[in-house]
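Structure assessment
So the chains spell out like this:
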Amino acid sequence: MFIFHRLCSVIMPIISSSLTLLVVITCLALANWQLNRAQDKQLRLDNISNVQAKGVMSWSELQLLPTSLNKTGIKLQLTGHLQSEQYWLLDNRVFQKQVGFDVLAMFYPEQSNAAMIVNLGWVKAPKSREQKAIVKLPSQIITLEVQLKQGDLAGFYLQKQQPNKGSWPKRIQYIDLAVMQQEVQQQSTAKLINFIAYSKEAKFSLQPHYEPVVMPPEKHLAYALQWLLLAVAAFLVFIFAVKPFNKTPQISGEQRE
């Protein structure tokens, strides 16, 4: 019995300390990741606030900005026309707990030969997945107030999107300007601008719902604190769990004889 206890007192702390170390390192890594995410979100919000301090810009004013400037957050008033017969349906968009599509169309600003992809807003999906949402878009000159986004437009997806050779409207899973450019070139020579716009106004029976930052920095900080406290808790549990094995059992007189 004494030997068994001594063996446990040696092996169990090694196993426990290894598992605890793994848990603590994992929790601390997750806490650091959330902290970095909070800093990135705050930096993004600060940049957006800085560019929006310039007010609503016109297309001509936008052209005067440095090409290297990330245009995310810039508010813009656009006048031009939509490619009303060709648009994309961004799949699996949820608005007010209802599943639907975001409608993306090519917009040609006045005095520009290139087209900008504009997210016009959300439309409810038909009951059947086999059906596509049909939206009536105007072909005449219109004016839109939009907010720009440049950079990571797709987010993380495991499967690479391929050009859809089917008829319009085309259903897509995420925004990939390179793939969309290929789809456009199947029928025209239009060149797409390397950033997109989100409509700020409810038009054409569509509902805008774009938010530049979905999860605020404060929430990431709360998650970071949560992971840090879990690391501390795991360490304290380890200390109290191994304490009994560090005690040498008392040997009675009969056992010594």
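So, a few notes on the structure that sits alongside this text.

What counts as what
- Residues numbered from 1 in each chain as written.
- Predicted model: local features only at pLDDT ≥ 70, side-chain atom pairs only at ≥ 80, totals over all residues.
- Heavy atoms only, no water.
- 1 Å grid on protein atoms, 1.4 Å probe; cavity = no way out; pocket = protein on both sides within 12 Å on 5 of 7 lines; lining within 4 Å.
- Points joined across faces, edges and corners; volume = space filled by probe spheres on them.
- Nonpolar A, V, L, I, M, F, W, Y, C, P; charged D, E, K, R; others polar.
- Core = buried A, V, L, I, M, F, W, Y, C linked by side-chain atoms within 4.5 Å.
- Buried < 20%, exposed > 50% of the residue type's maximum accessible area, 1.4 Å probe, protein only.
- Helix = DSSP H or I, 4+ residues; strand = E, 2+ residues; numbered from the N terminus.
- Contact = heavy atoms within 4.5 Å.
- Phe/Tyr/Trp six-rings, centres within 6.5 Å; stacked < 30°, edge-to-face > 60°.
- Lys NZ or Arg CZ within 6 Å of the ring centre and 35° of its normal.
- Lys, Arg positive; Asp, Glu negative; His and termini not counted.
- Salt bridge = Lys/Arg side-chain N within 4 Å of Asp/Glu carboxyl O.
- Polar contact = N/O pair within 3.5 Å; in protein donor to acceptor, adjacent residues only side chain to side chain.

Another point: the layout of surface pockets. Taken as a whole, the second largest pocket encloses approximately 220 Å³ of empty space. Looking at the second largest pocket, it is lined by 13 residues, and the ones nearest its centre are Gln-63, Thr-67, Lys-71, Ile-193 and Phe-195. The class makeup of the residues in the lining of the second largest pocket is seven nonpolar, five polar and one charged.

So, about the nonpolar core. Membership of the largest hydrophobic core comes to 29 residues, with the highest contact counts inside it found for Leu-76, Met-116 and Leu-148. Contributing elements (two or more residues each) for this core: helix H2 (59–63), strand E2 (75–95), strand E3 (98–109), strand E4 (115–124), strand E5 (142–149) and strand E7 (192–199). Broken down by element, this core gets its largest block of residues, five residues, from E2. Those residues in contact with Leu-148 that sit more than four places away from it in its chain are Leu-62, Lys-71, Thr-72, Gly-73, Ile-74, Leu-76, Met-116, Phe-195, Ile-196 and Ala-197.

With the rule as written, the count across this model stands at three aromatic pairs. Ring geometry for Phe-95 versus Trp-122: centroids 5.4 Å apart, planes at 45°, classification tilted. On the criterion of sequence distance, the pair formed by Phe-95 in strand E2 and Trp-122 in strand E4 is long-range, its members being 27 residues apart. The ring of Trp-168 carries Lys-170 above its face, with NZ or CZ at 4.8 Å from the centroid.

With respect to the helices and strands, the residue Asp-102 is situated in strand E3. Comment: no salt bridge for buried Asp-102; closest opposite-charge side chain is Arg-93, at 5.1 Å. Polar side-chain contacts of Asp-102 include one of 3.2 Å to the side chain of Asn-119.

Mapped onto the elements, Tyr-174 comes out in the loop between strand E6 (170–172) and helix H3 (177–185). Of the residues examined, Tyr-174 reaches a relative accessible area of 9% and is grouped as buried. Residues Tyr-174 and Gln-161, 13 residues apart in the sequence, show an inter-C-alpha distance of 7.9 Å.

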